[in-house]
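# Per-entry structural report
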Amino acid sequence: ARGRDMVHRRDFLKWSLASGAALASARSWAQSQPAERRLKFYNTHTGEQLATTYWADGQYLAGELAAIDRLLRDHRSGDVFAVDRRLFDILYALQQRTGARGTYEVISGYRSPSSNDSLRRHGGGVARDSLHTHGQAIDIRLTGVALADLHRAALGLRAGGVGNYPTSNFIHLDTGRVRTW
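These figures come from a predicted structure and were not determined experimentally.

About the cut-offs
Residues numbered from 1 in each chain as written. Predicted model: local features only at pLDDT ≥ 70, side-chain atom pairs only at ≥ 80, totals over all residues. Heavy atoms only, no water. Helix = DSSP H or I, 4+ residues; strand = E, 2+ residues; numbered from the N terminus. Buried < 20%, exposed > 50% of the residue type's maximum accessible area, 1.4 Å probe, protein only. Contact = heavy atoms within 4.5 Å. Areas by Shrake-Rupley, 256 points an atom, 1.4 Å probe, with all protein chains shown as cover. Pairing = 2+ DSSP bridges. Axes fitted to C-alpha atoms, helices over the stretch in contact; angles between N-to-C directions. Core = buried A, V, L, I, M, F, W, Y, C linked by side-chain atoms within 4.5 Å.

### A look at the overall build of the protein
The helix and strand tally for the protein stands at five helices and eight strands. Sorting the 181 residues of the protein into buried and exposed places 37% on the buried side. Summarising the internal contacts of the protein: among those between residues at least 6 apart in sequence, 53% fall at separations of at least 24. Approximately 10400 Å² of the protein is accessible, and the part contributed by carbon and sulfur atoms is 52%.

This is the structure in structure tokens:
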């Protein structure tokens, strides 16, 4: 019985120390987060630009999110959709990881189901139930960062799907499960 008690005590101590370290790490991360998160966008289809602070003082800013949603709208139909806010956090993290403060050139943001179907019919290599149609994906470049470096940095985030399209000069990011192509 004593041997089993020792194992349990050892496990308890190990897990207690690990939990304490994780909590300290989370606190340190939270304290190191900037008071504001900024992004710059350029929509390659509409020519629109936006420099925005989408997050400040621990919360998302509704008006700024609406402005981003409008910029990322389906340029074919004009449909605006509430884009998954985690996507903006991935873009922000990618910007931090690369050290770049450039502009995200948006090739594709939200895509309406009808636009998605049309692209599929014309052989654009578009998924039937694309995460673009759920506001969970974006195809981008980042000014000042080589596409290969941007791709490598996105893979390092392990924050969702990452697709590499070097011949079309963009990468795909989404908030789905971690996967690459």
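Having put the structure on the table, let's press on.
### Section: the pairing of strand β4 (residues 104-108)
Most of β4 is tucked away, with five of its five residues classed as buried. Of the pairings in the sheet, the one linking strand β1 (residues 36-43) to β4 comprises three bridges and is parallel in character. Within the sheet, the bridge partner assigned to N43 lies in β4 and is V106. Bridge analysis of β4 against strand β5 (residues 137-142) gives four bridges, and the strand direction is antiparallel. Counterpart to Y104 in the pairing with β5 is L142.

### Quick word on the sheet that holds β4
Strands sit in the order β3-β2-β1-β4-β5-β7-β6-β8 across an open sheet of eight strands; the sheet is mixed. Each edge of the open sheet is held by one strand with a lone partner, namely β3 (59-60) and β8 (179-180). Lying over the sheet, helix α2 (residues 62-71) contacts β1, β2 (49-56), β3 and β4, oriented at roughly 145° with respect to β2. Lying over the sheet, helix α3 (residues 85-98) contacts β1, β2, β3, β4, β5 and β7 (170-174), oriented at roughly 95° with respect to β1.

### Considering the nonpolar core
Judged by nonpolar contacts, the single largest core of 30 residues is most densely connected at F41, I140 and L173. Take this core: its biggest share by element is six residues, from α3. Leaving out residues up to four positions away in the same chain, L173 has contacts with L87, I90, L91, L94, Q136, A137, I138, I140, A154, G161 and V162.

### A word on the side chain of R37
Note that R37 resides in strand β1. Taking the relative accessible area as the measure of exposure, R37 reaches 10% and is therefore buried. In this structure, R37 is in contact with T52, T53, Y54, W55, D89 and Y92, ignoring residues within four places of it in sequence.

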